[in-house]
Amino acid sequence: DGGITQSPKYLFRKEGQNVTLSCEQNLNHDAMYWYRQDPGQGLRLIYYSQIVNDFQKGDIAEGYSVSREKKESFPLTVTSAQKNPTAFYLCASNNRPGQKAKNIQYFGAGTRLSVL
Amino acid sequence: QKEVEQDPGPLSVPEGAIVSLNCTYSNSAFQYFMWYRQYSRKGPELLMYTYSSGNKEDGRFTAQVDKSSKYISLFIRDSQPSDSATYLCAMSETGNTGKLIFGQGTTLQVKP
């Protein structure tokens, strides 16, 4: 089945610890995105990547880092600099965003991160 | 002022009711309009997609876009308990990034 797989489903972070959230897609999509969802605030863009080895900051990139070494993988690291990391994190992908594209994003099931 | 405004609700209706969900936006460059449905603790799934102005119908769901008023709507007819979820509007400009701007989401509960 084609889709986006996020792991783990639940993650706990200790004070001062970096944690990495995994996102893998087998849709052969070019672009991938990371969002943070807090209650009542909708989805806020953290980072996005339109092509391998390239990525851009979104609206709330501080305290996060990403890499895009393979087309199918876009891991997100929540660093110790992110002082309020408790949230639901969603990964999405989009096939060839551009002038004639529909810009539809497809989402994974999410990772819920909590602080111990 | 946020680029996209959506009433967070919660909205509670009896089974069989017609539901109207709405978003307003400020960026006149938005061309693509989407509605996503998100069940509790799950990822959003695409429900409806509309390009530019007009209406689109799919079963019990109808999406409307009024670009002159910068207003989009989702109507759900004969609502069912299984429609209980959070509904997110999303929109984007033409361009190469594919970035979407989301509303805050409206939580809907359909009571049997």
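Note: the structure precedes this text.
Residues numbered from 1 in each chain as written. Chains lettered and ligands numbered in written order. Predicted model: local features only at pLDDT ≥ 70, side-chain atom pairs only at ≥ 80, totals over all residues. Heavy atoms only, no water.

Novice: Summarise the overall build of chain B; cite the residues concerned and give the values.
Specialist: Regarding its fold elements, chain B presents zero helices and 11 strands. Each helix (α) and strand (β) of chain B, taken in turn from the N terminus, gives the series β-β-β-β-β-β-β-β-β-β-β. Considering only C-alpha atoms, chain B reaches an extent of 45 × 30 × 25 Å along its principal axes. Expressed as a percentage of the 112 residues in chain B, the buried residues total 46%. For chain B, the share of sequence-separated contacts (at least 6 apart) that also reach a separation of at least 24 residues comes to 55%. Measuring between centres, the 11 positive side-chain charges of chain B sit 5 Å from its 11 negative side-chain charges. (Helix = DSSP H or I, 4+ residues; strand = E, 2+ residues; numbered from the N terminus. Buried < 20%, exposed > 50% of the residue type's maximum accessible area, 1.4 Å probe, protein only. Contact = heavy atoms within 4.5 Å. Lys, Arg positive; Asp, Glu negative; His and termini not counted. Charge placed at Lys NZ, Arg CZ, Asp CG, Glu CD.)

Novice: Please set out the nonpolar core residue by residue, giving values where relevant.
Specialist: Formed by 24 residues in total, the largest nonpolar core has its most connected members in Trp-35, Ile-72, Leu-74, Tyr-87 and Met-91 of chain B. Met-91 of chain B has contacts with Val-4, Tyr-25, Phe-30, Tyr-32, Phe-33, Ile-72, Lys-99, Leu-100 and Ile-101 of chain B, leaving out every residue within four places of it along the chain. Counting 20 residues, the second-largest nonpolar core is a separate cluster that includes Ile-4, Met-32, Ile-46 and Leu-76 of chain A. (Core = buried A, V, L, I, M, F, W, Y, C linked by side-chain atoms within 4.5 Å.)

Novice: Residue-level account of the packing of aromatic side chains, with values.
Specialist: For the structure shown, the criterion picks out 13 aromatic pairs over all chains. Relative to Tyr-35 of chain A, the ring of Tyr-33 of chain A lies with its centre 6.5 Å away and its plane at 25 degrees, an arrangement referred to as stacked. With 5.2 Å between their ring centres and 45 degrees between their planes, Tyr-32 of chain B and Tyr-51 of chain B make a pair best called tilted. Taken as a pair, Tyr-32 of chain B in strand β4 (residues 30–38) and Tyr-51 of chain B in strand β5 (residues 45–51) lie far apart in primary sequence, 19 residues in all. Owing to a relative accessible area of 46%, Tyr-51 of chain B belongs among the partly exposed residues under this scheme. Members of the aromatic cluster, each reached through a chain of ring pairs, are Tyr-33, Tyr-35, Tyr-48 and Phe-107 of chain A together with Tyr-36 and Phe-102 of chain B. When the ring centre of Phe-74 of chain A is taken as origin, the NZ or CZ atom of Arg-68 of chain A, which lies over that ring, is 6.0 Å away. (Phe/Tyr/Trp six-rings, centres within 6.5 Å; stacked < 30°, edge-to-face > 60°. Lys NZ or Arg CZ within 6 Å of the ring centre and 35° of its normal.)

Novice: A description of the pattern of salt bridges should follow, citing residues and the corresponding values.
Specialist: All names here are of chain A. Applying the stated criterion across every chain yields a total of six salt bridges over all chains. Across the pair Asp-38 and Arg-36 runs a salt bridge, and its minimum N-O distance is 2.8 Å. Accessibility classification places Asp-38 together with Arg-36 in one group, the buried group. With its nearest N and O atoms 2.8 Å apart, the salt bridge here joins Asp-38 to Arg-44. Judged by relative accessible area, which is 11%, Asp-38 ranks as buried. Among the charged side chains, a network of salt bridges with common partners joins Arg-36, Asp-38 and Arg-44. (Salt bridge = Lys/Arg side-chain N within 4 Å of Asp/Glu carboxyl O.)

Novice: Residues and numbers for the state of the cysteines, please.
Specialist: On inspection of all chains with the given rule, the structure shows two disulfides over all chains. Two residues share a disulfide in this structure: Cys-23 of chain A and Cys-91 of chain A, whose sulfurs sit 1.9 Å from each other. Note on the Cys-23 of chain A and Cys-91 of chain A pair: the S-S dihedral is about -75 degrees, so by sign convention the disulfide is left-handed. Of the two residues, Cys-23 of chain A is situated in strand β3 (residues 19–25) and Cys-91 of chain A in strand β9 (residues 87–94); the sequence distance between them amounts to 68 residues. Across the pair, Cys-91 of chain A and Cys-23 of chain A agree in class, each one buried. Between the sulfur of Cys-23 of chain B and that of Cys-89 of chain B lies a disulfide, 2.0 Å long from S to S. Measuring the twist about the S-S bond at about -100 degrees, one finds the Cys-23 of chain B-Cys-89 of chain B disulfide to be left-handed. (Disulfide = S-S within 2.5 Å.)

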